[in-house]
Amino acid sequence: MAKGVRTQAMRALDAKKVAYTVHTFDDSIRDAQQVAQTLGLPPEQVFKTLVLLREDDLQGRPFLLMVPANCEVDLRLVARELDIKGVRMASHMQAEKLTGLKVGGISALALLQKPFSVYLDRSAQAFEEILVSGGQRGVDLQLRVADLLQVTGAQWLHAAQAAE
């Protein structure tokens, strides 16, 4: 990231006077587990943002789900928790088209002006702060979980289980 560059996510946090720490890494890294390893942080504290689609929504309104780097999403569990017929992951191409952001840089903080429902896996309750995408590949932001919930309007969801 070029010095002085501010992402939409940073501007949103600055506007709300929310404290955060910027972590940068090589923008060729798109996997949250690799981000955690590169930054020397536990993967359960580095969250990836996924784009999911409701199977029973004819409008095709996607939603965002933030889960730990070392977890896999249980789509049946997500559908059950949301009391909907089913959900599926958006393809990389769909995710980029729907969000306007590149995979590896999709961030709920950068999409505050878009009509996305946002969910955060309950495992984040174990931490005071977590890392999430800063809205650009190669940039993660560390902030308090309470601030992330307040700024994004995210709702708690039990959605993930540790990958084997």
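Residues numbered from 1 in each chain as written. Predicted model: local features only at pLDDT ≥ 70, side-chain atom pairs only at ≥ 80, totals over all residues. Heavy atoms only, no water.

A. Representation of the packing of aromatic side chains in the model. Here the structure, examined in full by the defined rule, presents one aromatic pair. Centre to centre, the rings of Phe63 and Tyr119 are 5.5 Å apart; their planes meet at 85°, and the pair counts as edge-to-face. With Phe63 in strand E3 (residues 62-68) and Tyr119 in strand E6 (residues 117-121), this residue pair connects regions lying 56 residues apart in the sequence. Judged by its relative accessible area of 0%, Phe63 is buried. Using a relative accessible area of 7% as the deciding quantity, one classes Tyr119 as buried. (Phe/Tyr/Trp six-rings, centres within 6.5 Å; stacked < 30°, edge-to-face > 60°. Helix = DSSP H or I, 4+ residues; strand = E, 2+ residues; numbered from the N terminus. Buried < 20%, exposed > 50% of the residue type's maximum accessible area, 1.4 Å probe, protein only.)

B. Here's a closer look at the layout of surface pockets. In this model, the largest pocket occupies a volume close to 430 Å³. In terms of lining, the largest pocket is formed by 26 residues, of which the most central are Arg30, Lys48, Thr49, Val103 and Gly104. Residue assignment for the lining of the largest pocket shows that the elements contributing at least two residues are helix H2 (32-39), strand E2 (47-54), helix H4 (92-99) and strand E7 (129-136). Per-element accounting of the lining of the largest pocket gives the leading share, five residues, to E2. Broken down by class, the residue content of the lining of the largest pocket amounts to 15 nonpolar, seven polar and four charged. (1 Å grid on protein atoms, 1.4 Å probe; cavity = no way out; pocket = protein on both sides within 12 Å on 5 of 7 lines; lining within 4 Å. Points joined across faces, edges and corners; volume = space filled by probe spheres on them. Nonpolar A, V, L, I, M, F, W, Y, C, P; charged D, E, K, R; others polar.)

C. Structural detail: the nonpolar core. The biggest cluster of nonpolar side chains holds 33 residues, and the ones touching the most others in it are Met66, Leu109 and Leu120. A per-element tally of this core places helix H5 (residues 145-152) first, with four residues. Those residues in contact with Met66, other than ones at most four positions away along the chain, are Phe47, Lys48, Thr49, Ala108, Val118, Tyr119, Leu120, Asp121, Val132, Leu148 and Ala154. Core analysis: the next-biggest nonpolar cluster, separate from the first, contains 15 residues, Leu52, Leu82, Tyr119 and Ala159 among them. (Core = buried A, V, L, I, M, F, W, Y, C linked by side-chain atoms within 4.5 Å. Contact = heavy atoms within 4.5 Å.)

D. View of H5. Here H5 lies mainly inside the structure; six of its eight residues are buried. Turning to H5, its buried residues number three or more, namely Val145, Asp147, Leu148, Leu149, Val151 and Thr152. Directly after H5, the chain includes Gly153, whose backbone phi takes a positive value near 70°.

E. Structural context of the sheet that holds E7. Pairing is antiparallel across the open sheet formed by three strands, whose spatial order is E1-E8-E7. With one partner strand each, in any of the chains shown, strand E1 (21-24) and E7 form the two edges of the open sheet. Going from strand to strand, the sheet's axes swing by 35° on average, the running direction of each strand aside. Taken together, the six bridges between E7 and strand E8 (residues 139-144) define a ladder with antiparallel strand orientation. The residue of E8 that forms the bridge with Ile130 is Leu143. Where helix H1 (residues 8-15) meets the sheet, its contacts fall on E1, E7 and E8, and the angle it forms with E8 comes to roughly 25°. (Pairing = 2+ DSSP bridges. Axes fitted to C-alpha atoms, helices over the stretch in contact; angles between N-to-C directions.)

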